[in-house]
Amino acid sequence: MTHDHSNHDHGGHDHGHNHHDHSNHDHGGHDHGHNHHDHSGHGHGGHDHGHMIADFKRRFYISLLITIPILVLSPMIQSFLNYELTFPGASYVLFTLATFIFFYGGKPFLTGAIDELKQKNPGMMTLIALAIVVAYGYSTLTVFGLSGNNFFWELATLIDIMLLGHWIEMRSVMGASNALEELVKMMPQDAHLIDENGEIKEVKVSSLEQGEKVLVKPGEKVPVDGSIVKGQSAVNESMLTGESVPVEKAVDDEVIAGSINGEGSLTIRVEKTGEDSYLSQVVNMVQEAQQSRSKTQDLSNRAAKWLFYLALLAGVTTLVIWLLLGYPFAYALERMVTVMVIACPHALGLAAPLVVARSTALAAKQGLLIRNRTQFEEARKIESIVFDKTGTLTEGEFGITDIITETDFDKTSVLQLAASLEAQSEHPIAKGIVEGAKEQNITFQEPDHFESMTGKGLKGNVDGKEILIVSPGYVKEQNIHYNNQTFNDLSEQGKTVIFVIIDGKLAGMIALADKVRESAERAIARLKELNVESQMLTGDNYKVASWVAEQLKLDQVVAEVLPHEKADKIKEIKRQGKKIAMTGDGVNDAPALANADLGIAIGAGTDVAMETADVILVRSNPEDVVSILELSKSTYRKMIQNLWWAAGYNIVTIPLAAGILSPIGIVLSPAIGAVLMSLSTVIVAINARLFKG
């Protein structure tokens, strides 16, 4: 929004805002199919995440329980541990238990594999499904007459470890995004309709039609986009526009659904309803962005994809070669199954989840909540970070930047008298002056008299003196002489200037601006060291934006942009081939957050921004953006290490299982395969624990 900050009429503190018509931007009538981020790394995005975590946990514990008798009854384990336990029908008991685990414990992987194959993008689910289907199918044949060993124990332990891995991973990553539901929640459901006879009726917002009039009482949410036909009030639009200052609204001004009315009552003519409203358009933009988001798979999924192809190739090759060498089909099949089961490493199922769990815990200690693991992994490639201004690089609150006094007056007394009067007002500018006085340990006095001059400023008596705190407009109106050059310089920097008049004489000017966060300066400096470009994207006016950018030494500034333009700007930077992160806190940032390669929400921001983001900064500290990039790099390094440990086991064991050394009498028995498998799983677990970030 374009703020004419030089002209803040300070009494009813009437801010001269130039209102953009948020309604003109047709984003197309897109349907509201809720397409969620893939937040677990395996296509579980759209489900209730808490329910899914509980489901994996339950499946894991029940499967683990059933695995114990399977291990005890398995002939392969018996020969390995050198004991014997057999009874009539033992193999059928084993088959029954394994069948239960296959269908109950294996269900998430089987259904996940179907999804992945439908998308022609095999990953972890397909690899696990391949191994358990082959192990179960072959072992079942051995129970019913095929000569060979069964792999039921391998099937059961594989399902257990994969369930455990998924449970750990899902528990450590917060869960699916409900950005669209959060946006819809912001919309009031009911409205007070004023009918032709002037009577007020409670109606559903959805039933309102263009041209009807509704009443918005003090403190209520505005139910529709419309224009004011009666009343005036300060309206808080920060949820929507990210702008911290409530905007004074009067007749003919536009209001947006979802903004919060202040002290006054407003009668509003309905202009836009349903699909055409500003919030609906934001919903559409977020939804489009989520649908078009790149379908990057996370690291372990990419590794699993290659192992899936490798397992298929190695399995088929093994079968063909043994058959060509003249061995019986049963023997060639056993070799093939051994290869395909070994190709799905148990360690791979834990390699990434254990690092993710550790990295998520380390991140949480640093005040970072990781919601989308895949995007977090990709954060190491970020080349450019775009920051929203208000509430992200700045505090979102006014602070005093300059006090310029006329001769005969000193700064302390001017500030003390101004603060004594302003302490009676709730306006953001008033709060800024009061805070500034407190910081300097200035004590206030109770005014003997106090009144608000609507649209002009405040008037009162303090310590026997008549005090006026007024807007530039009032000073010009009364033809009071002031230093034009100083005023223009301050306004050029985007500061809000108010005038203090004591006993009819101009005492001085107080300039205020949204305070720049100290941590923002340090964050930008650290990004420069990492060769990451920093940009600012704001709805605020160009003067204010430039002043903030100058203080922070940002690489680029784009100001006076509307919410849909923020998302367009992100798309434009992406078209240049840059990997981009966006940091913001308002509803107006949500489409941009969803479009960026990495969306980072400030913890003090709106629920919608947080729900749309991939990472949330709990401490609202811009420096934590740098921590995300650094942690992403170290997490990736540790994952690569772990995947090498996990896959290294395969690289060695697949050829041995295929029987490459059988001419010299070395064939990897499934029991030895099991020992190596356990060893690689233990190494992977220890390596993940050693991760310090």
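What counts, and at which threshold
Residues numbered from 1 in each chain as written. Predicted model: local features only at pLDDT ≥ 70, side-chain atom pairs only at ≥ 80, totals over all residues. Heavy atoms only, no water. Pairing = 2+ DSSP bridges. Helix = DSSP H or I, 4+ residues; strand = E, 2+ residues; numbered from the N terminus. Axes fitted to C-alpha atoms, helices over the stretch in contact; angles between N-to-C directions. UniProt positions renumbered as here; feature names shortened; annotations may be inferred. Parallel < 35°, antiparallel > 145°, perpendicular 65-115°, else oblique. Left-handed = near helix turned anticlockwise from the far one by under 90°. Contact = heavy atoms within 4.5 Å. Nonpolar A, V, L, I, M, F, W, Y, C, P; charged D, E, K, R; others polar. Polar contact = N/O pair within 3.5 Å; in protein donor to acceptor, adjacent residues only side chain to side chain. Phe/Tyr/Trp six-rings, centres within 6.5 Å; stacked < 30°, edge-to-face > 60°. Buried < 20%, exposed > 50% of the residue type's maximum accessible area, 1.4 Å probe, protein only. Lys NZ or Arg CZ within 6 Å of the ring centre and 35° of its normal. Patch = residues over 30% accessible without salt bridge, like charges linked within 9 Å, V, L, I, M, F, W, Y side chains within 5 Å. Areas by Shrake-Rupley, 256 points an atom, 1.4 Å probe, with all protein chains shown as cover. Salt bridge = Lys/Arg side-chain N within 4 Å of Asp/Glu carboxyl O.

Pairing within the open sheet is antiparallel, and its three strands lie in the order S8-S7-S10. At either end of the open sheet lies a strand with only one pairing partner, and these are strand S8 (247-249) and strand S10 (260-261). In the sheet, strand S7 (residues 233-236) pairs with S10 via two bridges, with the strands oriented antiparallel. Across the sheet, residue Val235 finds its bridge partner in S10, namely Asn261.

Take the sheet that holds strand S20 (residues 533-537) next. Strands pair in a sheet through their backbones, by hydrogen bonds, and they do so in one of two ways: parallel or antiparallel. Overall, mixed pairing links the seven strands, which are arranged S12-S24-S23-S22-S13-S20-S21 in an open sheet. Two strands in the sheet have a free side with no partner beyond their single neighbour: strand S12 (368-370) and strand S21 (556-558). Averaged over all pairs of adjacent strands, the angle between their axes in this sheet comes to 20°, without regard to strand direction. By the bridge criterion, three bridges tie S20 to S21 in an arrangement that is parallel. Opposite Leu537, over in S21, you have Val558 as the bridge partner.

Let us now look at the UniProt feature "transmembrane region" (unreviewed entry) in the protein. When the UniProt feature table is mapped onto this chain, "transmembrane region" (unreviewed entry) is found at residues 60-81, 87-106, 127-145, 151-168, 306-330, 336-356, 643-666 and 672-691. The annotated region residues 87-106 carries 75% helix and 0% strand content, and the separation between its end C-alpha atoms amounts to 28 Å. Between the end C-alpha atoms of residues 306-330 there is a gap of 28 Å, over a span that is 84% helix and 0% strand.

This brings us to the packing of helix H6 (residues 152-172) against helix H12 (residues 346-365). Relative orientation of the contacting elements H6 and H12 amounts to 20°, with a least axis distance of 8 Å. In terms of orientation, H6 lies roughly parallel with respect to H12. The chirality of how H6 crosses H12 is left-handed. Note on element contacts: H12 touches H6 through His346, Gly349, Leu350, Pro353, Leu354, Val356, Ala357 and Thr360, opposite Glu154, Thr157, Leu158, Ile161, Met162, Leu164, Gly165, Ile168, Glu169 and Ser172. For the contact of H6 with H12, the residue count by class is 10 nonpolar, six polar and two charged.

Let us now look at the side chain of Thr635. For Thr635, the location among the structural elements is in helix H24 (residues 623-658). A distance of 2.7 Å separates a polar atom in the side chain of Thr635 from the backbone oxygen of Leu631. Sequence-distant contacts of Thr635, that is, excluding residues within four places in its chain, are made with Val355, Ser359, Phe376 and Phe691.

This structure, assessed with the given rule, holds 22 aromatic pairs. Taking the centre distance of 6.1 Å and the plane angle of 35° together, the rings of Phe60 and Trp167 count as tilted. Here Phe60 is found in helix H1 (residues 49-73), whereas its partner Trp167 is found in helix H6, with 107 residues between them in sequence. Each member of the pair Phe60 and Trp167 is classed as buried. Seen in terms of ring centroids, Trp322 and Tyr327 are 4.7 Å apart; in terms of plane orientation they differ by 90°. Their pairing is edge-to-face. Take Trp322: its relative accessible area is 4%, and that puts it in the buried class. An aromatic cluster is present here, built from Tyr92, Phe95, Phe102, Phe103, Tyr136, Phe144 and Phe152 joined pairwise through their rings. Here Arg59 stacks its cationic end above the ring of Tyr104, 4.9 Å away from the centre of that ring. Above the face of the Tyr636 ring, Arg380 is positioned so that its terminal group lies 3.3 Å from the ring centre.

All right, on to a nonpolar patch on the surface then. A contiguous nonpolar patch, built from Leu65, Ile68, Val72, Phe80, Leu81, Tyr83, Leu85 and Val675 and spanning about 710 Å² of accessible area, is present on the exposed surface. If you list the elements that add at least two residues to the nonpolar patch, you get H1 and helix H2 (75-81). The element that contributes the greatest number of residues to the nonpolar patch is H1, accounting for three residues. In this structure, Tyr83 sits in the loop between H2 and helix H3 (90-104). Tyr83 gets classed as partly exposed once you look at its relative accessible area, which sits at 31%.

Time to look at the pairing of strand S16 (residues 457-462). The two faces of the sheet receive side chains in turn, since in a regular strand these alternate between them. Sheet topology places strand S15 (residues 449-453) next to S16; five bridges connect them, and they run antiparallel. By the bridge assignment, Glu451 is partnered in S16 with Lys459. With six bridges connecting them, S16 and strand S17 (residues 465-470) associate as antiparallel partners. Each bridged residue has a counterpart across the sheet, and for Asn461 the counterpart in S17 is Glu466. The loop that links S16 with its antiparallel partner S17 comprises two residues; one of these, Asp463, has a positive phi angle of about 55°.

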